[in-house]
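Results of the structural survey
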Amino acid sequence: MTDSPSFNDQNTDQTRSIRSFVLRQGHMTAAQQRAIDHLWPQFGLDYQDKLLDLNHVFQRPAPKILEIGFGMGVATAAIAQNQPEKDFLAIDVHGPGVGNLLKLIAEQQLSNIRVMRHDAVEVIQHMLSHNSLDGIHIFFPDPWHKKRHHKRRLIQLEFIRQLLPKLKTGGYIHLATDWQEYAKQMLDVLNQCPALTNTATDYAEKPAYRPETKFEARGKRLGHGVWDIIFIKNQ
Ligand SMILES: C[S@@+](CC[C@H](N)C(=O)[O-])C[C@H]1O[C@@H](n2cnc3c(N)ncnc32)[C@H](O)[C@@H]1O
């Protein structure tokens with residue numbers, strides 16, 4: 001793995017419009033760096049401009065779940081441990097988080113996670129085949145509170161339109177946020193997709209498989225509510 005991810009900074013690809021993250025330096029602990037040095041060859045996937053064969057990557061034809069923005073990866077590892085029958089492709093740009101998730105994979109002896117350190121928008125566009133995913137998790141994407149930054153929010157119609165073809169019919173997309181106005185935007189965007197059906201009237205009950213994430217705990221300490229949104233692809 002290179003020291004920092006190589007992004008399409010020039011934005012020459014006309015379809016790539018959202019820059020949903022800021023690359024924070026963040027402190028990489030020695031243990032996280034060790035995890036990257038030792039475990040990346042086994043559990044890390046480098047970005048390439050070529051479609052991935054996920055069954056080949058995980059060496060089995062199991063259901064495949066994509067997670068975008070796993071943060072420190074604690075919830076990712078917990079879900080993967082509780083759902084050993086599924087495989088998880090976890091993507092984030094944050095180096096210490098990548099190191100932390102690799103460390104958790106080793107500590108919990110997980111074989112059903114692969115980690116990418118890259119912009120998920122580019123991975124979706126260039127590496128994921130249509131109808132290759134059984135589920136998509138996007139938990140607490142950066143809310144970009146200020147109005148002038150709303151254009152950087154990940155959950156926008158254009159992005160969801162790029163993402164949906166990758167999901168199989170019958171597959172699900174599960175979003176969560178602690179920012180009510182973003183929750184409304186998420187609901188509004190997914191409601192505009194005829195291929196999707198809401199599993200609830202508006203917001204869903206938090207499913208048992210989703211543990212509290214680090215970002216969620218922080219939101220709760222600040223007095224925020226939490227909204228889960230789960231839609232199924234029907235066609
Ligand atoms: C607010 S944090 C939430 C992390 C975690 N899901 C949680 O709930 O604790 C959002 C994460 O999404 C990542 N992120 C944002 N845009 C991304 C993108 N386009 N591709 C990959 N990761 C992204 C950020 O680096 C950050 O780690």
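Attention here is on the structure that accompanies the text. (Residues numbered from 1 in each chain as written. Predicted model: local features only at pLDDT ≥ 70, side-chain atom pairs only at ≥ 80, totals over all residues. Heavy atoms only, no water.)

Some points on the overall build of the protein
- A tally of helices and strands in the protein yields eight helices and eight strands.
- The globule rule puts the C-alpha radius of gyration for 235 residues at 18 Å, and the 17 Å found for the protein is close to it.
- Structurally, the protein occupies a C-alpha span of about 45 × 40 × 40 Å along its principal axes.
- Relative to its full complement of 235 residues, the protein shows a buried share of 52%.
- Residue pairs in contact within the protein that sit at least 24 positions apart in sequence constitute 81% of those at least 6 positions apart.
- Total accessible area on the protein stands at roughly 11,400 Å², and carbon and sulfur atoms take up 50% of it.
- Treating the 28 positive side-chain charges of the protein as one cloud and the 25 negative ones as another, the clouds have centres 3 Å apart. (Helix = DSSP H or I, 4+ residues; strand = E, 2+ residues; numbered from the N terminus. Rg over C-alpha atoms; globule rule 2.2 N^0.38 Å. Buried < 20%, exposed > 50% of the residue type's maximum accessible area, 1.4 Å probe, protein only. Contact = heavy atoms within 4.5 Å. Areas by Shrake-Rupley, 256 points an atom, 1.4 Å probe, with all protein chains shown as cover. Lys, Arg positive; Asp, Glu negative; His and termini not counted. Charge placed at Lys NZ, Arg CZ, Asp CG, Glu CD.)

Quick notes on the sheet that holds strand 1 (residues 44–45)
- Reading across the sheet, the eight strands line up as 1-4-3-2-5-6-8-7 and stay open at both edges, with mixed pairing between neighbours. Only two strands of the sheet have a single partner each, and these edge strands are strand 1 and strand 7 (196–198).
- In the sheet, strand 5 (residues 133–139) pairs with strand 6 (residues 167–177) via six bridges, with the strands oriented parallel. Of the residues in strand 6, the one forming a bridge with Ile136 is Ile173. (Pairing = 2+ DSSP bridges.)

Considering the nonpolar core
- In this structure, Phe159 and Ile160 are the most contacted members of the largest nonpolar core, which totals 39 residues.
- Those residues in contact with Phe159, other than ones at most four positions away along the chain, are Ile18, Ile68, Val121, Ile124, Ile138 and Leu154.
- Counting residues in hydrophobic clusters, the runner-up holds 26 residues, among them Ile65, Ala90, Leu101 and Ala176. (Core = buried A, V, L, I, M, F, W, Y, C linked by side-chain atoms within 4.5 Å.)

Section: the packing of helix 3 (residues 74–82) against helix 4 (residues 95–107)
- Two elements in contact, helix 3 and helix 4, have axes whose closest approach is 9 Å; the angle formed by their N-to-C orientations is 30°. Relative to helix 4, helix 3 is oriented roughly parallel. Crossing handedness for the pair helix 3 and helix 4: right-handed. Contact residues: Val74, Thr76 and Ala77 in helix 3; Asn100, Leu101 and Leu104 in helix 4.
- Among the residues making up the contact of helix 3 with helix 4, the classes are represented as four nonpolar, two polar and no charged. (Axes fitted to C-alpha atoms, helices over the stretch in contact; angles between N-to-C directions. Parallel < 35°, antiparallel > 145°, perpendicular 65-115°, else oblique. Left-handed = near helix turned anticlockwise from the far one by under 90°. Nonpolar A, V, L, I, M, F, W, Y, C, P; charged D, E, K, R; others polar.)

Let's talk about the site of the ligand
- Ser20, Gly69, Asp92, Phe139 and Thr213 are the nearest of the 17 residues found near the ligand.
- Here an oxygen atom of the ligand and a side-chain polar atom of Asp92 are 2.6 Å apart.
- Contact with the protein chains removes 94% of the 600 Å² of surface that the ligand exposes when unbound.
- Its residues assigned to classes, the shell around the ligand shows seven nonpolar, five polar and five charged. (Near = heavy atom within 4 Å. Polar contact = N/O pair within 3.5 Å; in protein donor to acceptor, adjacent residues only side chain to side chain.)

Some remarks on the pattern of salt bridges
- This model, assessed by the stated rule, comprises nine salt bridges.
- With a shortest N-O distance of 2.7 Å, Arg210 and Glu216 are connected by a salt bridge. For the pair shown, Arg210 and Glu216 are each scored as buried.
- A single network of salt bridges, built from pairs that share partners, joins Arg210, Glu212, Glu216, Lys220 and Asp228. (Salt bridge = Lys/Arg side-chain N within 4 Å of Asp/Glu carboxyl O.)

Structural notes on a positive patch on the surface
- On the surface, Arg24, Lys214, Arg218 and Arg221 cluster together into a patch of positive charge.
- Note that Arg221 resides in helix 8 (residues 214–221). (Patch = residues over 30% accessible without salt bridge, like charges linked within 9 Å, V, L, I, M, F, W, Y side chains within 5 Å.)

Considering the environment of Thr199
- Position of Thr199 among the secondary structure elements: in the loop between strand 7 and helix 8.
- Among the residues examined, Thr199 registers a relative accessible area of 44% and is labelled partly exposed.
- When the C-alpha atoms of Thr199 and Ser111 are compared, they prove to be 30 Å apart, with 88 residues separating the residues in sequence.
- Those residues within four positions of Thr199 in sequence are excluded, and the remaining contacts are Ala204, Ile230, Phe231 and Ile232.

Things to note about the environment of Asn198
- One can find Asn198 in strand 7.
- Note on Asn198: relative accessible area 16%, which makes it buried.
- Residues Asn198 and Asn234, 36 residues apart in the sequence, show an inter-C-alpha distance of 10.0 Å.
- Among all residues touching Asn198, those that are not within four sequence positions of it are Leu187, Ile230 and Phe231.

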